[in-house]
Amino acid sequence: MDETVAEFIKRTILKIPMTKMMTVLKAWDFLSENQLQTVNFRKRKESLAQDLVLLCEENGVSLNDAALLDIICEDIDLSDMEQFKSSFKKILQRALKNVTVTFRDTEENAVWIRIAWGTQYRKPNQYKPAYVMYYSQTPYAFISFSQLRSNTPLLCQALTIASKHHQIVKMDLRSRYLDSLKAIVFKQYNQNFETHNSATHLQERRLGLDINMDSRIIHENRIEKDRVHRVTQEIFGDYSQPRLEFAQYKLETKFKSDLNGGILAEREEPLRCLVKFSSPHLLEALKSLASAGIADAPLSPLLTCIPSKGMNYFKIKDK
Amino acid sequence: MLKEDCASTLKVHLAQSLPLPSNVNRPRIDLIVFVVNLHSKYSLQNVEESLHHVDATFFLGKVGFLATGAGQDNHCSIHRNTVLRLAHTYRSPLFFCDLEVEGFRATMAQRLVRMLQICAGHVPGVSALNLLSLMRSSENPFLEDV
């Protein structure tokens, strides 16, 4: 059988969420009931896909069959999405007589939702809508809450029910840049990430290189500089960071002081303190702290864990 | 500084603090410029500590202070007078120059190269000490010489 067809089928199967696997295969109707029964669906997807491809080869699968499988996947996807949309809209309309819900499909199995809120007696306010970006294949939704805050619980409830999940958890991750939120949440930030500033970055890097190449400039602290550079690379990687504007740390910890006494040291209650870092591009700024000589390398893990933990709002308590 | 037209061979050593690593062979040092970033208390602290490692002979005209960041007043955590006092204590000239600004940077570089040539003894008839006393006589009159 053709290698390319086998590969195509394998990749198509890998894209199918496990919850829909049986539905799709049955709809495709290429593999018999008996064959499907011999397959262990609890395996890891990678090896399940390989098993299914072997069965397809036994049946002499052709490119046409593979194409049909692809269409069925699309179809089932779409119908799921339609179900979500109608369910979501119904929930909101049942709760609030006056609400405007608009959908816009985008690529990558995602949908933009716009909600304008009204009340039982008032028409929806079109100037203060909420926006949601929902990725149907993932358990994530990105929400821009409207200024009419009282409707937030209803919105969350509608999302939970319509997407057939049990609960919704609000992540401590906020930013104005949807692409950055996506990169962090889908763990795609450790690749070369397109930003608006990529042109200026290149220029700066080139300038730095020129200066450092001149043999008349000697860096006395070369060893330390290199160490700082290496440690920064290890922590932040070589790629552009996702774009966040804030990191906020709410501290509820006891004040610790090396000096004896002092007004703050004697207290039993924890000190409540809020530290907020803001920047047009926070993670890039943190990345450049050590090489700019403003902070020691390695940086505190509280700062460097932001993309990996997917949080930029922290609450810190004494253990 | 390297872009300046200069008959002498110019080398610049960049260091984060003093003392310099001792296991390296270096040509003679003719001028030390301490750069203080007015936005950072740490910068001043670093310079103050580094000054203790400088041999006394340098302070006869071969040390200068360069304060940057004065243009952004709201970012300054070090008062102008603090650096003025520091420079006065060490009897050395102080320059204010916002290194971020291309024009100021170029002018400052020019001045430093001229100063460096004198300190290296490449300008006949003028020594580092001459230059120092020349500069001092035009200093702020309200700073008293102790």
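Everything numeric here is computed off the predicted structure, so don't read it as measured data. Every residue gets a number counted from 1 within its own chain, in the order that chain's sequence is written. Here the convention is simple: chains get letters from A, ligands get numbers from 1, in the order in which they are written. Reporting of local features is limited, given that this is a predicted model, to residues whose pLDDT is at least 70; pairs of side-chain atoms are given and counted only at 80 or more, and all residues count toward the totals for whole chains, interfaces and linings. Computation of side-chain values covers all heavy atoms of the structure but excludes hydrogens and water.

1. A closer look at the overall build of chain A
This is how the line gets drawn: Where helices and strands are cited, they refer to DSSP runs of H or I of at least four residues and of E of at least two residues respectively, numbered from the N terminus. Burial classes follow relative accessibility: with a 1.4 Å probe on protein chains only, a residue under 20% of its type's maximum area counts as buried, one over 50% as exposed, and anything between as partly exposed. Contacts are assigned to residue pairs that have any heavy atoms within 4.5 Å of one another. Where accessible areas are quoted, they stem from the Shrake-Rupley method and a 1.4 Å probe; at the residue level, only the protein chains shown are allowed to cover.
Looking only at helices and strands, chain A features 12 helices and 8 strands. The proportion of buried residues among the 319 residues of chain A is 37%. A sequence separation of at least 24 residues applies to 63% of the contacts in chain A between residues at least 6 apart. For chain A, the exposed area adds up to about 20,800 Å²; of that, 52% sits on carbon and sulfur atoms.

2. Let's talk about the packing of aromatic side chains
Put simply, the test is: Think of it this way: a Phe, Tyr or Trp ring, Trp meaning its six-membered ring, pairs with another when their centres are within 6.5 Å, and the plane angle makes it stacked under 30 degrees, edge-to-face over 60, tilted otherwise. For a lysine, the NZ atom is tested; for an arginine, the CZ atom; a charge sits over a ring if that atom is within 6 Å of the ring centre and within 35 degrees of the ring normal.
Using the criterion set out here, one finds 13 aromatic pairs over all chains in the structure. With a centroid separation of 5.7 Å and an interplanar angle of 25°, the aromatic rings of F34(B) and F65(B) are classed as stacked. With F34(B) in strand β2 (residues 32–37) and F65(B) in strand β3 (residues 63–68), this pair connects stretches of sequence that are 31 residues apart. Its relative accessible area of 6% is what places F34(B) among the buried residues. Overall, F65(B) belongs to the buried group, its relative accessible area being 2%. Taken together through their ring pairs, the aromatic side chains of F84(A), F88(A), F103(A) and Y134(A) make up a single cluster. Above the ring of F96(B), the side-chain terminus of R80(B) is found at 4.4 Å from the ring centroid.

3. A word on the sheet that holds strand β3 (residues 130–135) of chain A
Residues and elements named next belong to chain A. Threshold: Pairing between two strands requires that DSSP report at least two bridges joining them. Each axis is a line fitted through C-alpha atoms, taken for helices only over the stretch in contact, and angles between the N-to-C directions span 0 to 180 degrees.
Pairing is antiparallel in the open sheet, where 4 strands are placed in the order β1-β2-β3-β4. In this open sheet, the two edge strands, each paired with only one partner strand, are β1 (99–106) and β4 (141–144). For this sheet, the mean angle separating the axes of adjacent strands, direction not counted, is 15°. Note that β3 and β4 share 4 bridges and pair antiparallel. Counterpart to Y131 in the pairing with β4 is S144. The sheet contacts of helix α7 (residues 178–185) involve β2 (110–117), β3 and β4, and relative to β4 the element is tilted by about 150°.

4. Remarks on the sheet that holds strand β4 (residues 94–96) of chain B
Residues and elements named next belong to chain B. With respect to topology, 3 strands assemble into an open sheet ordered β2-β3-β4, the strand pairing being parallel. This sheet does not close on itself; its edge strands, each paired only once, are β2 and β4. Recorded for the sheet is a direction-independent mean angle of 25° between the axes of neighbouring strands. In the packing of helix α3 (residues 102–119) onto the sheet, the strands contacted are β2, β3 and β4, and the crossing angle to β4 comes to about 160°.

5. So, the pattern of salt bridges
All names here are of chain A. Under the convention used in this document: The salt bridge definition used is simple: a Lys or Arg side-chain nitrogen within 4 Å of an Asp or Glu carboxyl oxygen.
Inspection of every chain in the model, using the stated rule, returns 13 salt bridges over all chains. Between K85 and D105 there is a salt bridge; the shortest N-O distance is 3.0 Å. Of this pair, K85 sits in helix α5 (residues 63–95) while D105 is found in strand β1, placing the two residues 20 residues apart along the sequence. Look at K85 and you get buried, because its relative accessible area is 9%.

6. Let's talk about the layout of surface pockets
All names here are of chain A. What counts here: Cavities and pockets are defined on a 1 Å grid built over the protein atoms alone: a cavity is a set of grid points where a 1.4 Å probe fits but cannot escape, while a pocket is an open set with protein on both sides within 12 Å along at least five of seven lines, and lining residues are those with an atom within 4 Å of any such point. Grid points are joined across faces, edges and corners, and a volume is the space filled by probe spheres set on the points. Residues are grouped as follows: nonpolar covers Ala, Val, Leu, Ile, Met, Phe, Trp, Tyr, Cys and Pro; charged covers Asp, Glu, Lys and Arg; every other residue, Gly included, is treated as polar.
Taken as a whole, the second largest pocket holds about 1,100 Å³ of empty space. Along the wall of the second largest pocket there are 34 residues; nearest its centre are A141, F142, I143, F145 and K170. Broken down by secondary-structure element, the contributors of at least two residues to the lining of the second largest pocket are β3, β4, α6 (152–162) and α7. Of the residues assigned to the lining of the second largest pocket, the class counts are 21 nonpolar, 8 polar and 5 charged.

7. Focus: the confidence of the model for chain B
Heads up, the rule is: pLDDT measures how confident the predictor is about each residue, on a scale from 0 to 100.
Residue-level pLDDT values for chain B average 86, and 93% of them are 70 or greater. Helix α4 (residues 128–137) of chain B is the least confidently modelled element of chain B, averaging 83 in pLDDT, while β2(B) averages 94, the highest of any element.

8. What about the interface of chain A and chain B?
Short version of the rule: Each of two parts loses accessible area, computed with a 1.4 Å probe, when they are put together; buried area is these two losses added. Each polar contact in these results corresponds to two N or O atoms within 3.5 Å; when the atoms are within protein, one needs to be able to donate a hydrogen and the other to accept it, and residues that are neighboring in sequence are counted only if both atoms are side-chain atoms.
Opposite the 10 residues of chain A that make contact, chain B presents 13 residues. When chain A packs against chain B, close to 1,100 Å² is buried across both sides, 52% of that on carbon and sulfur atoms. As a salt-bridge pair, R26(B) and E220(A) come within 2.8 Å of each other at their nearest N and O atoms. At the junction of chain A with chain B, the criterion picks out 7 residue pairs in polar contact (both at pLDDT 80 or more). Per element, the largest residue contribution to the side of chain A that touches chain B is 3 residues, and it comes from strand β5 (residues 217–219) of chain A. Here β5(A) runs beside strand β1 (residues 12–14) of chain B; their pairing, made up of 3 bridges, is parallel. Directly across from I218(A), in β1(B), lies its bridge partner H13(B).

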